[in-house]
Amino acid sequence: MNELSGTIPGELLLHKRLRQLWLNGNRLVRAIPAPLEAVRLEVLDLSQNYMNGSIPDDVKNLFKLTSLDLSMNLLGGELPTGLFQMSLNHLLLGHNAISGQLPEQMNLYRLQEQMNLYRLQELNLTHNNLYGKFPKSITEPKRLRTLDLSENQLSGGIENVVHLRSMSVLRLCSNNFSGKVPCEFVNRFFHENCFDISNLCSEDPKNGLPGSQEYLKCQSKHDESEKHFVIMVVVIVGCGVVVFAILFYLVRRWLLKRHKIIDSRRGQIWPSSPSVSEEDEWKMITFQRLKFNKTEILSILTDENLIGYGGSGKVYRVFVNEGSIAVAIKSIVNPRKSDHGLEKEFLTEIKTLGTIWHNNIVKLLCYLSSKEVKLLVYQYVENKSLHQWLHGRTGKYHLLVTVQSPNWSGR
């Protein structure tokens, strides 16, 4: 580490007698120069610099290279396919910005005398942007002792790690690996390891992942079928509750509607107090000058003022004009299908009654009507029964005039 700066001279990697090149821990920048023709180069260490760009594809020309360390730089791009056709012992590319996928078939051996020699001992790709599935060919080298794929975006299962029998360092954490960890692998000892406990499950009923007692137990087929059964039951019960709620609502609505129809036929429909917002729906016809209005009438028609029932509706006694005047109000429920001619006749009779003034006739003060109810407002006569008005003490008959059309009786 000499704190060298600038770029690597291209001529340096063209030297055909160069065997080792150590330039780690300097301030070298820019890309690795190409072409690479140092055919006798065995060790190349450019780690801990500020080099960027991608790894040249003609790195495969360095066919005698056994150790390549480009870690802790700013290298990007994808891994060249030629890199995995070399007879490397150590391949260190961690702490860069390398992206892409690991090749499915990596020829991590050299063919010599018709024998496959698996020479790779260390593979470090930590802290990059690699993604894709865990390649099966990674587990082919029998001498592999250190494998660090942590801090990437790799996915898939890790079932093939069981073939890595002589591992001392295995780091797979901070990825998207999922699935089962083989039982043969659970009791392995590693000098250094890391796994994603939340994503991987163990088939061992007693032990967890290597180096940790925590584990997520893999679900068996029985557990899965039981889980599916529970989900099905919950769905069926939920649907049943929803259907019951809908039927209950429809039946309740039908019953309320039916009761409303029955009550309307009996002349019993009348709210405790009409809403002020419905005031505009009421029409009022007066037969003399009054000291009250329809708002005052409608606001006091409550059950507290109910004194009886007539053949066509309810009868109220209320006090208006700040309690100085007592009136009797009779409600008549409109039939659903009223005849326009009968209604006109009824109004004519009401107007006639409103113009008649006689001591023996209860005075009709005004008349209110809406779509559902008609109100007749009479002068209230205190402590007088119908028999007393007709006969009196002398036994003489007095005339009591009432107007009520049969079609408005509500019966």
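Residues numbered from 1 in each chain as written. Predicted model: local features only at pLDDT ≥ 70, side-chain atom pairs only at ≥ 80, totals over all residues. Heavy atoms only, no water.

1. Here's the deal with the overall build of the chain
In terms of helices and strands, the chain carries 5 helices and 26 strands. When burial is assessed residue by residue, the chain has 38% of its 411 residues classed as buried. Carbon together with sulfur atoms contributes 52% to the accessible area of the chain, which is approximately 24,900 Å² in total. (Helix = DSSP H or I, 4+ residues; strand = E, 2+ residues; numbered from the N terminus. Buried < 20%, exposed > 50% of the residue type's maximum accessible area, 1.4 Å probe, protein only. Areas by Shrake-Rupley, 256 points an atom, 1.4 Å probe, with all protein chains shown as cover.)

2. Here's the deal with a nonpolar patch on the surface
Taken together, the side chains of Phe 229, Val 230, Val 233, Val 234, Val 237 and Val 241 make up a nonpolar region of the molecular surface, amounting to roughly 540 Å² of accessible area. The topology assignment puts Val 230 in helix H2 (residues 221–266). (Patch = residues over 30% accessible without salt bridge, like charges linked within 9 Å, V, L, I, M, F, W, Y side chains within 5 Å. Salt bridge = Lys/Arg side-chain N within 4 Å of Asp/Glu carboxyl O.)

3. Some details on the state of the cysteines
Under the criterion given, the structure shown has 1 disulfide. Shown here is the disulfide that connects Cys 173 with Cys 194, its sulfur atoms set 2.1 Å apart. An S-S torsion of about -75 degrees defines the bridge between Cys 173 and Cys 194 as left-handed. One end of the pair, Cys 173, is in the loop between strand S15 (169–171) and strand S16 (176–177); the other, Cys 194, is in strand S18 (residues 192–194), and 21 residues separate them in sequence. Judged by its relative accessible area of 11%, Cys 173 falls in the buried class. (Disulfide = S-S within 2.5 Å.)

4. Some thoughts on the side chain of Ser 150
In this structure, Ser 150 sits in the loop between strand S13 (146–148) and strand S14 (153–156). When neighbours within four sequence positions are excluded, Ser 150 is seen to be in contact with Leu 125, Thr 126, His 127, Arg 171, Leu 172, Cys 173, Asn 175 and Cys 194. (Contact = heavy atoms within 4.5 Å.)

5. Considering the confidence of the model for the chain
Summing up the model confidence of the chain, the mean pLDDT is 77 and the portion of residues at 70 or higher is 72%. Within the model, the stretch residues 108–117 combines pLDDT values under 50 with 17 contacts to residues more than four positions away or in other chains. A low-confidence stretch, residues 264–277 (pLDDT under 50), is modelled with 29 contacts involving residues beyond four sequence positions or located in other chains. (pLDDT = per-residue confidence, 0-100.)

6. Let's talk about the sheet that holds S14
One open sheet holds the 4 strands; their spatial order is S8-S12-S14-S16, and the pairing between them is parallel. Looking at which strands have only one partner, the edges of the open sheet turn out to be strand S8 (99–101) and S16. (Pairing = 2+ DSSP bridges.)

7. Re the packing of aromatic side chains
Enumeration over the complete set of coordinates arrives at 2 aromatic pairs. When the ring of Phe 134 is compared with that of Phe 177, the centres are 5.7 Å apart and the planes differ by 70 degrees; the resulting orientation is edge-to-face. Here the residue Phe 134 occupies a position in the loop between strand S12 (129–133) and S13, and Phe 177 occupies one in strand S16, the gap between them amounting to 43 residues. Per residue, the accessibility class of Phe 134 equals that of Phe 177, and both read buried. When the centroid spacing of 6.4 Å and the interplanar angle of 25 degrees are considered together, the rings of Phe 244 and Phe 248 count as stacked. On the criterion of helical spacing, the pair formed by Phe 244 and Phe 248 is a turn pair, its members being 4 residues apart in helix H2. Of the two residues, Phe 244 and Phe 248, both sit in the exposed class. (Phe/Tyr/Trp six-rings, centres within 6.5 Å; stacked < 30°, edge-to-face > 60°.)

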